[in-house]
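# Remarks on the overall topology
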Amino acid sequence: MEAYMSSIGSKLQMLTTSDHASVVSMNLFVALLCACIVIGHLLEETRWMNESIIALIIGLCTGVVILLISGGRSSHLLVFSEDLFFIYLLPPIIFNAGFQVKKKQFFRNFMTIMLFGAVGTLISCSIISLGAMQFFKKMDIGPLDIGDYLAIGAIFAATDSVCTLQILNQDETPLLYSLVFGEGVVNDATSVVLFNAIQNFDLTNINATIAWDFFRNFMYLFVSSTMLGVLTGLISAYIIRKLYFGRHSTDREVALMMLMAYLSYMLAELFYLSGILTVFFCGIVMSHYTWHNVTESSRVTTKHAFATLSFVAETFIFLYVGMDALDIEKWRFVSDSPGTSVAVSSILLCLVMVGRAAFVFPLSFLSNLAKKSPNEKISFKQQFIIWWAGLMRGAVSMALAYNRFTSAGHTHLRGNAIMITSTITVVLFSTVLFGLMTKPLIKILLPHPKHQSRSMTISSDPTTPKSFTLPLLGEAQDSLDDLGGQDIGRPSSIRALLTTPTHTVHRYWRKFDNAFMRPLFGGRGFVPFVPGSPTERNPQNQWQ
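- An unreviewed UniProt entry annotates the protein chain as Sodium/hydrogen exchanger of Salix koriyanagi.
- Taken directly from UniProt, the Sequence similarities (unreviewed entry) text for the protein chain runs: "Belongs to the monovalent cation:proton antiporter 1 (CPA1) transporter (TC 2.A.36) family."

Right under this line is the structure:
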């Protein structure tokens, strides 16, 4: 009995020690997050640095310190977890991207964005997979099957354009910002959907039937994920519009918006869909309908709450990637052949650059053929910036590589360790080196305009949370609608639709939206005046 109690006591002591170690780790990590924010603020005006690079460098320095203190046993405070990344960190980033996007610019360039984000990702994935297959078979990196090569293509086709987006101004360069931003989101979603499809299929004996089933499954995931996000957003708009939570508590409507946004992501994961696409389109729908149904104080709260969660999550990811890059367990497997790891990383980086160029310039040429207005065409300098923005790799590539080549975050095979260390090398090299060069490169290619043009000012969509400082329920949107159609007649035939497809589809959508969607789901100018409702202070808005 005494021995039994002693055993329990020792286990409790070990548990207490483990809990205390976790508390210490979390304290240090939170302190590092604060340091990233402070240093990022102090270096905000620098020519070279941005917040993502600062977080990555601080993570690397912290990893070195921990590695020295632990005697070479560990370099990180937290163990990398795919669940932590995909379930807790990624949703607020993607949702905020959809919630704050300027919808008019996004959908005006929707076809070009889909060309770059979906078709371009498939082209890049194919080139990287074929190149890896040709080069890696001649190198001693361990056994890799066709599924591994296709997975490598999906892993390194996932871009991270955060560095470029932090520098571009969507009011000064609306077309370029919209393309880089939109392609980044669709690219991540396409890469993850493609990776999951590869994981679910036996591609060792590929034939026409398997290829068709693969493509059909890919399209099903893409369309179903989008529709689920739209449906969840509409449900949230309908509930908040009908019940007017703000009459009693703005906290409830804010909480409902946040929970419905997260629910959309989790429903997608539950049904094995793409959570990235679902939560992105849920954010777009919520900003178009739900955001206008809540009280004014809730609008301010949600705008800043979603932006803050996204910012903290991004900083957390870059900070951890920097710390995990020095994990000694992974590098021990490749210590006997560092040249092989360097060669693999170099080949992958070259394939990323070639795969990127293989679709950006040809697809830009095709897109320009369909555009008649010179302002809507993508110039060569803009094409180069789009190509450059997609060279950086980030946390999505890391998470997918861990999913494919590790077990519970640990690597036990030399070939898998080489792929993990090569992924880390590519992520660090591309983010730091290309990221440092991004700001001066953009300043050279796109000189800052001395005076902002009228067209740029009016192109901003004042009805999005991103532009909250402008009139919330003003008439700028209507003037913008008129601007979009002032040079073209009202389409009355298929010929007009083919001549000006973007403007025509947008005009018909506005008619449908005003006639059916907004009266049912609410939105700008379509929320009835009810005491305690979002329009209580501005009853005249119901007539706009």
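### Brief notes about the overall build of the protein chain
- Along the backbone of the protein chain there are 21 helices and zero strands.
- Here the protein chain holds 544 residues, and 52% of them are scored as buried.
- Considering only contacts within the protein chain whose residues lie at least 6 apart along the sequence, 81% involve residues at least 24 apart.
- Per element, the accessible surface of the protein chain, about 25,400 Å² overall, is 66% carbon and sulfur.

### Digging into the pattern of salt bridges
- All told, the structure shown has five salt bridges when counted by the stated rule.
- Arg216 serves as the salt-bridge partner of Asp213, at 3.1 Å between the closest nitrogen and oxygen. Note that Asp213 and Arg216 are positioned in helix H9 (residues 208-243) at a spacing of three residues, about one turn of the helix.
- The class for Arg216 is partly exposed, based on a relative accessible area of 48%.
- Taking the shortest distance from any N to any O, the salt bridge between Asp513 and Arg518 comes out at 3.0 Å. The exposure classification of Asp513 matches that of Arg518, with both residues buried.
- Three or more residues are tied together by salt bridges with common partners; here these are Asp145, Asp148 and Arg404.

### Comments concerning the packing of aromatic side chains
- By the definition in use, this model includes 24 aromatic pairs.
- Ring geometry for Tyr289 and Phe521: centres 6.1 Å apart, planes at 55°, overall tilted. Of the two residues, Tyr289 is situated in helix H11 (residues 275-293) and Phe521 in helix H21 (residues 501-521); the sequence distance between them amounts to 232 residues. Comparing Tyr289 with Phe521 shows no difference in burial state: the two are buried.

### Some points on unusual backbone geometry
- Located in the positive-phi region is Tyr272, a residue other than glycine, with phi close to 60°.
- One can find Tyr272 in the loop between helix H10 (250-270) and H11.
- Residue class for Tyr272 comes out exposed when judged on its relative accessible area of 70%.

### Some thoughts on the nonpolar core
- Ranked by internal contacts, the top residues of the largest apolar core, which has 128 residues, are Phe136, Ile152 and Phe280.
- Considering every element that reaches this core, the biggest residue donor is helix H8 (residues 174-200), with 15 residues.
- Setting aside residues up to four positions removed in sequence, Phe280 forms contacts with Ile94, Ala97, Gly98, Phe106, Phe181 and Val185.
- Leu234, Val285, Met517 and Phe521 belong to the second largest nonpolar core, which has six residues in total.

### Considering the side chain of Thr421
- Examined against the element boundaries, Thr421 turns out to sit in helix H17 (residues 414-445).
- With sequence-adjacent residues up to four places away left out, Thr421 is seen in contact with Lys330, Trp331, Val334 and Ser341.

### Points about the state of the cysteines
- For the structure shown, the criterion picks out zero disulfides.
- Cys34 takes part in no disulfide bond, and the closest cysteine sulfur, belonging to Cys36, lies 9.2 Å away.
- Look at Cys34 and you get partly exposed, because its relative accessible area is 44%.
- For Cys36, a relative accessible area of 4% corresponds to the buried category.

### Some points on a nonpolar patch on the surface
- On the surface, a cluster of nonpolar side chains totalling about 520 Å² of accessible area is made up of Trp212, Phe215, Met219, Val223 and Met227.
- Assignment of secondary structure puts Met227 in helix H9.

### A word on H8
- Over its 27 residues, H8 runs 39 Å from end to end, which matches the ideal 39 Å to within 8%, given 1.5 Å per residue.
- Burial runs high along H8: 24 of the 27 residues are buried.

### Remarks on the packing of helix H3 (residues 82-100) against helix H12 (residues 296-324)
- Close contact between H3 and H12 brings their axes to 8 Å; oriented N to C, the two are set at 135°. In terms of axis orientation, H3 runs oblique to H12. Note that H3 runs across H12; the crossing there is left-handed. Residue-level inspection shows Leu84, Phe85, Leu89, Pro92, Ile93, Phe95, Asn96, Phe99 and Gln100 of H3 in contact with H12, the latter providing Thr302, Lys303, Phe306, Ala307, Leu309, Ser310, Ala313, Glu314, Phe316 and Ile317.
- In terms of residue class, the contact of H3 with H12 is made up of 13 nonpolar, four polar and two charged.

### Some points on H17
- Counted at 1.5 Å a residue, the expected span for H17 with its 32 residues is 46 Å, and the 43 Å between its end C-alpha atoms agrees.
- At Thr438, H17 shows its maximal bend, which comes to roughly 35°, and the proline Pro440 appears one to four places after that position.

### A word on the packing of H3 against helix H16 (residues 395-405)
- The geometry of H3 relative to H16 is characterised by a closest axis approach of 9 Å and an angle of 135° between their N-to-C directions. Considered as vectors, H3 and H16 are oriented oblique to each other. As H3 runs across H16, the sense of the crossing is left-handed. Here Glu82, Phe85 and Phe86 of H3 lie close against H16, whose contacting residues are Ala395, Val396, Ala399, Leu400, Tyr402 and Asn403.

### Some thoughts on the environment of Thr423
- With respect to the helices and strands, the residue Thr423 is situated in helix H17.
- Residues Thr423 and Ile152, spaced 271 residues apart in sequence, show a C-alpha to C-alpha distance of 9.5 Å.
- Excluding anything up to four places from it in sequence, Thr423 contacts Phe156, Ser397, Met398 and Ala401.

### Quick word on the confidence of the model for the protein chain
- On average, residues of the protein chain score 79 in pLDDT, and 78% of them reach the 70 mark or higher.
- Predicted confidence for residues 468-491 stays below pLDDT 50, and this span has 49 contacts to residues more than four positions away or in other chains.
- Every residue in residues 530-544 is under pLDDT 50, and counting partners more than four places away or in other chains gives 29 contacts.

### Quick look at the environment of Leu349
- If you trace the backbone, Leu349 turns up in helix H14 (residues 338-369).
- Each C-alpha atom of the pair Leu349 and Thr425 lies 9.4 Å from the other, and the pair is 76 residues apart in sequence.
- Setting aside residues no more than four positions away along its own chain, Leu349 makes contact with Val426, Phe429, Ser430 and Phe434.

Cut-offs used in this document
Numbering of residues begins from 1 in every chain and follows the order in which that chain's sequence is written. It should be noted that, the model being predicted, local features are given only for residues of pLDDT at least 70 and side-chain atom pairs only at 80 or more, the latter also being counted only at that level, while totals for whole chains, interfaces and linings use all residues. By convention in this description, side-chain values take in all heavy atoms of the structure and omit both hydrogens and water. UniProt positions are given in the numbering used here, feature names are shortened, and annotations may be inferred rather than shown by experiment. Helix and strand definitions here come from DSSP, where helices need a minimum of 4 consecutive H or I residues and strands a minimum of 2 consecutive E residues; each element is numbered from the N-terminal end. Only protein chains enter the accessibility calculation, which uses a 1.4 Å probe; a residue is then buried when its area is under 20% of its type maximum, exposed when over 50%, and partly exposed in between. Here, two residues are considered to be in contact whenever any of their heavy atoms come within 4.5 Å of each other. Reported accessibility uses the Shrake-Rupley method at a 1.4 Å probe radius. Residues are deemed covered only where the shown protein chains occlude them. Only one rule defines a salt bridge in this text: a Lys or Arg side-chain nitrogen within 4 Å of an Asp or Glu carboxyl oxygen. Pairing of aromatic side chains requires ring centres within 6.5 Å, counting the rings of Phe and Tyr and the six-membered ring of Trp. Pairs whose planes differ by under 30 degrees are stacked, by over 60 edge-to-face, and all others tilted. Buried residues of nine kinds, namely Ala, Val, Leu, Ile, Met, Phe, Trp, Tyr and Cys, make up a nonpolar core once their side-chain atoms join them within 4.5 Å. Cysteine sulfur atoms are paired as a disulfide whenever they come within 2.5 Å of each other. Patches in this entry comprise residues that are over 30% relatively accessible and not in a salt bridge; like charges within 9 Å are linked, as are nonpolar side chains (Val, Leu, Ile, Met, Phe, Trp, Tyr) within 5 Å. To estimate how far a helix should extend, the number of its residues minus one is multiplied by 1.5 Å. To define axes, lines are fitted to C-alpha atoms, for helices over the stretch in contact only, and angles between the resulting N-to-C directions are given on a 0 to 180 degree scale. Note on terminology: angles under 35 degrees are roughly parallel, angles over 145 are roughly antiparallel, angles of 65 to 115 are roughly perpendicular, and the others are oblique. Crossing handedness: left-handed means the near helix sits turned counterclockwise from the far one by under a right angle, and right-handed means the same turn made clockwise. Amino acids are sorted into nonpolar (Ala, Val, Leu, Ile, Met, Phe, Trp, Tyr, Cys and Pro), charged (Asp, Glu, Lys and Arg) and polar (every other residue, Gly among them). Bend is the name given here to the angle between axes fitted to two runs of seven residues, the run ending at a residue and the run starting at it. Looking at any residue, its pLDDT shows the predictor's confidence there, from 0 to 100.

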